[in-house]
Amino acid sequence: MPLEQKVKYESECDREFAQWVVGQIGGENLRHCIQCGICSAACPLSLYMDYTPRRIINLAREGFKKEVLSSFTIWLCSSCYACRVECPKEIHITDIMYLLKRRAIEEGVYPRSFPIPVLAREFGRMIFMFGRVNETLLVTDLFLRTNWFKFLGMIGLGLNLMRTGRMSFLPDTIKRRGELRKVLDALDAEEKKEKKEALS
Amino acid sequence: MKYLYFPGCSLKGTGRAYEESFLAVFKALGLEVRELEDWNCCGATAYMSVDETKSYALAGRNLAIAERSSDLDVIAPCSACYLVLNKTQKGLKENPELRRKVVNALKAAGLDYKGKVRVRHPLDVLINDVGVEKLAKFITKPLKGMKFAPYYGCQVVRPYSTFDDQYNPVTMDKLIEAVGAECVSWPLKTRCCGGSLTGTLPEVGLRLAYILIKEAKKRGAGAIVTLCPLCQFNLDGYQDKIASKYERVDIPTLYFTQILGLAMGLPESELGIKRGIISAEAVLAGR
C-alpha cells in the first residue's frame, strides 16, 4: 500500500490567500465560523459537491487555495442564499462563493469546458455589447461553446418556446451604449491605476 | 399610485407572460406604471462571478437613471433583478470604497447615484400598497375550487426580504386566498428550482425542478403559482426532460399576476395564459 500524505503541513497552506478572502466584501466574518454545518444542511446542492459549504469555508480560511479554487462546489452554488439566512454567525457564504469563483476565473483554474464559468463570461460579453441579454442567443452560444451534443437535446425545448412565442432571435439593445461603455471603461482605468500603484 | 418599472431581460423574453399579466393587472387596478427608460441588464447571478465592481456599476446605472427620472419606487418583478438592485443599494451604502469607485464611474458617464430609490416587488405593492381588502373589490370571477401551490423561490425572500418572512413567506398565500382559490400547504415554498443549473448541469438542475413539481402534484395542487421568470421557466419548460429522466408530472406553472388577472375577469389573451408550455387550460376549465 503506497503511503500518501493525507493532511497538509501548515507550511504548505497559502496564508496569503486566506488573508485575501477575509479582506474581500463578504469575507469579513469568515473567521467567526464555528463549523456547525448548517450551511451544508440547508444547501440543496451540497449532495453534489466535492466539498460541502462547511468544508469550503474551513479550507478557505486555512489557505487551501488549490483545493478551494479547483473545486466543483463553487460552481454548483446557485446563489439561493439558503445558507446565508441560516448561518448563526451571519457569514455571507453566497458572497464567499462569488469571490472564489472570480478568483478561479482570474487564475484560470476552472475546468475548461465546464459550462458554468463559460456562461458567466459570455453573459458579461453580451452585456458589454448590447446592454441587455437575449436568453435565446446566450443559451445557443453557451451550448455551441461547450457541448454540441447537448445542444441537440435542447431542440424540443426550443420548439416549445417558439410555439408559445417566448423566443426571440434579435439581440435587444439599449439606446445609450456609449454611456454604459464609459462606466465600464472608467472602472477598467481605475483598476489599472490600482495595479500600477500596488506594483510601485 | 405611480411606479417605475424595471422589466429586466427575462420579462422581455421567455417571461413575456409575466410582463403581460403584470401590466394588465396593474392597469386594471388603476396603478400607473412607467418603464424605466434605457434600462440595462442587472447582471443577474452570472456577472457577479466575473467582476464585482462592474456588477454593482451595472445595477448602479439603472438606479441612477431611476433617480434622475423621478422619485417613484422602482418595481422589479424578476427575482434576480429584485435581489441585484437591492443588493447594490445595500452594498454601496455599506462599503465606502466600492461606492466611491461606482459613483465615480457613473459620473464619468454623466450619471449621478445617491441611493435614494426604493426597489420593490409587485407582490409587495399588491399586498401592502393596495391591500387584500381593496383587491377583493376587484375580484369578479373568483377561482373557486382551484388549488395552487405557492412557490416563492429563493431570491425575493432571501437574503434581503423587506416584506415577507425568509423561512415561511405568506404574502402570495394571501393573494391565492384573495382570488378565491385554495392554498396548498407544502414545505418547498422557498427551495431552489435549480436556477441556471437546469441548462448548465441538467443532471443536477433537473432533479431540483423535479422535486418541486412532484411534491406540488402530490399535495393536490392543480398548478404552481410563482413570482419569478426563471422559476417559471424551469418548472414549466423542462417537464419533457424531467419526464424522460424521472417521471411525467404534468403540472402547469402560472404567475401570481396571471391568477389575479383571471379572477379580476381580464381576458386570458391579455394575461399570456397560452404561453405556458404545460397548458393550464384543463386546470382553468374547472373554474
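Residues numbered from 1 in each chain as written. Chains lettered and ligands numbered in written order. Predicted model: local features only at pLDDT ≥ 70, side-chain atom pairs only at ≥ 80, totals over all residues.

Asks: Just to check I follow, could you spell out the sheet that holds strand β4 (residues 119–120) of chain B for this structure?
Replies: Paired through backbone hydrogen bonds, the strands of a sheet run either parallel or antiparallel to each other. Residues and elements named next belong to chain B. Taken in spatial order, the four strands line up as β2-β1-β3-β4 in an open sheet, and their pairing is parallel. The strands lining the two open edges of the sheet, one partner per strand, are β2 (32–35) and β4. The pairing of strand β3 (residues 74–75) with β4 spans two bridges and is classified as parallel. Counted as the bridge partner of Val74 is Val119 from β4. (Pairing = 2+ DSSP bridges. Helix = DSSP H or I, 4+ residues; strand = E, 2+ residues; numbered from the N terminus.)

Asks: Honestly, the nonpolar core in this entry has me stumped. Any pointers?
Replies: Nonpolar side chains tend to gather and get buried jointly when the protein is soluble and globular. All names here are of chain B. Core analysis: the biggest nonpolar cluster contains 153 residues, and Leu85, Val225 and Ile259 have the highest contact counts within it. In terms of residue count, the dominant contributor to this core is helix α4 (residues 52–69) (eight residues). When sequence neighbours within four positions are dropped, the list of residues in contact with Leu85 reads Phe6, Cys42, Ala59, Asn62, Leu63, Val74, Ala76 and Val119. (Core = buried A, V, L, I, M, F, W, Y, C linked by C-beta atoms within 7 Å. Buried ≥ 20, exposed ≤ 12 C-beta atoms within 10 Å, placed from the backbone. Contact = placed C-beta atoms within 7 Å.)

Asks: Looking at this model, I keep getting lost on the packing of helix α8 (residues 115–130) of chain A against helix α9 (residues 135–146) of chain A. Mind explaining?
Replies: All names here are of chain A. One can describe the packing of α8 onto α9 by two numbers: an axis separation of 10 Å at closest approach and a directional angle of 135 degrees. It follows from the interaxial angle that α8 and α9 lie oblique. The two elements α8 and α9 meet at a crossing, and its hand is right-handed. Contacts from Pro115, Val118, Leu119, Glu122, Phe123 and Met126 of α8 reach α9 at Leu138, Asp141, Leu142, Arg145 and Thr146. Classifying every residue of the contact of α8 with α9 gives seven nonpolar, one polar and three charged. (Axes fitted to C-alpha atoms, helices over the stretch in contact; angles between N-to-C directions. Parallel < 35°, antiparallel > 145°, perpendicular 65-115°, else oblique. Left-handed = near helix turned anticlockwise from the far one by under 90°. Nonpolar A, V, L, I, M, F, W, Y, C, P; charged D, E, K, R; others polar.)

Asks: What am I meant to see in the interface of chain B and chain A here?
Replies: A common way to report how large an interface is uses the accessible area buried once the components associate. Between chain B and chain A, the contact holds 52 residues from the first and 50 residues from the second. Those elements giving two or more residues to the side of chain B that touches chain A turn out to be α1 (8–11), α3 (44–48), α4, α6 (96–108), α10 (197–200) and α11 (202–218) of chain B. Of the residues that constitute the side of chain B that touches chain A, the class distribution is 20 nonpolar, 19 polar and 13 charged.

Asks: How should the domain arrangement of chain B be read in this particular structure?
Replies: All names here are of chain B. Under the domain assignment, chain B is made up of domain 1 (2–120) and domain 2 (132–284). Computed from C-alpha atoms alone, the centre-to-centre distance between domain 1 and domain 2 is 24 Å. Contacts between domain 1 and domain 2 engage 23 residues on the former and 24 residues on the latter. Listing elements by their share of the side of domain 1 that touches domain 2, those giving two or more residues are α1, α2 (16–28) and α5 (79–94). The dominant element in the side of domain 1 that touches domain 2, judged by the number of residues it contributes, is α2, at nine residues. Within the side of domain 1 that touches domain 2, the residues separate by chemical class into twelve nonpolar, seven polar and four charged. (Domains from an automatic or database assignment.)

Asks: Help me out: how do you make sense of the domain arrangement of chain A in this one?
Replies: Partitioning chain A into domains gives domain 1 (12–107) and domain 2 (115–199). A C-alpha centroid distance of 26 Å is found between domain 1 of chain A and domain 2 of chain A.

Asks: Sorry if this is basic, but what is going on with the packing of α2(B) against helix α14 (residues 256–263) of chain B here?
Replies: Packed helices, taken two at a time, are described by the angle their axes make and the gap between the axes. All names here are of chain B. Interaxial distance between α2 and α14 falls to 8 Å at its minimum, and their mutual angle equals 45 degrees. Viewed along their axes, α2 and α14 adopt a mutual orientation that is oblique. Two packed elements cross with a definite hand, and for α2 against α14 that hand is left-handed. Here Ala17, Tyr18, Ser21, Phe22, Ala24 and Val25 of α2 lie close against α14, whose contacting residues are Thr257, Gln258, Leu260 and Gly261. The residue inventory of the contact of α2 with α14, partitioned by class, reads six nonpolar, four polar and no charged.

Asks: What should I look at first to understand unusual backbone geometry in this one?
Replies: Both trends apply: most residues other than glycine have a negative phi, and most peptide bonds are in trans. The omega torsion of the bond from B:Arg158 to B:Pro159 falls at -10 degrees, within 30 degrees of zero and hence cis. Its location among the elements puts B:Pro159 in the loop between β5 (147–151) and α9 (171–178). Of note in the backbone geometry, A:Glu90 takes a positive phi value of approximately 50 degrees without being a glycine. Mapped onto the elements of the fold, A:Glu90 is located in the loop between α6 (82–86) and α7 (93–107).

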